[in-house]
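So the chains spell out like this:
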Amino acid sequence: FRTDVDLPESDVPLAANERRELMLIAREATRNVVRHAQATTLRIDWSFSDDRLTMIVADDGIGIVEQAGSTSGRHGVSNMLERAHRLGGSLSIRSAAPHGTRVEMTMAVPRNHPIG
């Protein structure tokens, strides 16, 4: 397990519901690595730049097999996509070269963001 945190010295202003949604996306992505990836390394990276918060969960496992237009049996992936949408962000899940999977979630955090 490896992590890299590139966040400002000051707090990143997130409301409680945003922190919860981010935690649940990270938890589901991590759970998927443990359950399905057959990985030896899991990496979680956090960064904040240009008023955008980015979280990347990556592994060196077997990758993800894309099923054209199908999310059946993949409630975790659907849930992560819905959570990212509720945050006004984007989420991408793709196989990483030469092997593994990369889940990247990005959301805007304006400087005048209300903290809840």
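Preceding block: the structure.
Every value quoted in this text rests on a predicted model; they were computed, and no experiment measured them.

**So, the pattern of salt bridges**
Then, number 1: Counted by the stated rule, this structure contains 4 salt bridges.
Then, number 2: Residue Arg 43 pairs with Asp 45 through a salt bridge whose shortest N-O separation is 3.0 Å.
Then, number 3: Given the relative accessible area of 32%, Arg 43 is considered partly exposed.
Then, number 4: A residue is classified by how much of its surface remains accessible, and Asp 45, at 18% relative accessible area, is buried.
Then, number 5: Where Glu 104 meets Arg 102, a salt bridge forms, and the shortest distance between an N and an O atom there is 3.1 Å.
Then, number 6: By relative accessible area, Glu 104 is classed as partly exposed at 21%.
Then, number 7: Look at the salt bridges and you will find they share partners, linking Glu 21, Arg 83 and Arg 86 into a network.

**Describing the sheet that holds strand E3 (residues 52–59)**
Then, number 1: With mixed pairing, 5 strands are arranged side by side in an open sheet as E1-E2-E3-E5-E4. In the strand order of this sheet, the two ends are held by strand E1 (2–6) and strand E4 (90–95), each with one partner. Between one strand axis and the next, the sheet turns by 10° as a mean value, whatever way the strands run.
Then, number 2: With 6 bridges connecting them, E4 and strand E5 (residues 101–108) associate as antiparallel partners. Across the sheet, residue Ile 93 finds its bridge partner in E5, namely Val 103.
Then, number 3: Each of strand E2 (42–49), E3, E4 and E5 touches helix H1 (residues 16–37); the most contacted strand, E3, lies at about 15° to it.
Then, number 4: Across the sheet, helix H2 (residues 75–86) is in contact with E4 and E5; its angle to E4 comes to roughly 145°.

Definitions and cut-offs
Residues numbered from 1 in each chain as written. Predicted model: local features only at pLDDT ≥ 70, side-chain atom pairs only at ≥ 80, totals over all residues. Heavy atoms only, no water. Salt bridge = Lys/Arg side-chain N within 4 Å of Asp/Glu carboxyl O. Buried < 20%, exposed > 50% of the residue type's maximum accessible area, 1.4 Å probe, protein only. Pairing = 2+ DSSP bridges. Helix = DSSP H or I, 4+ residues; strand = E, 2+ residues; numbered from the N terminus. Axes fitted to C-alpha atoms, helices over the stretch in contact; angles between N-to-C directions. Contact = heavy atoms within 4.5 Å.

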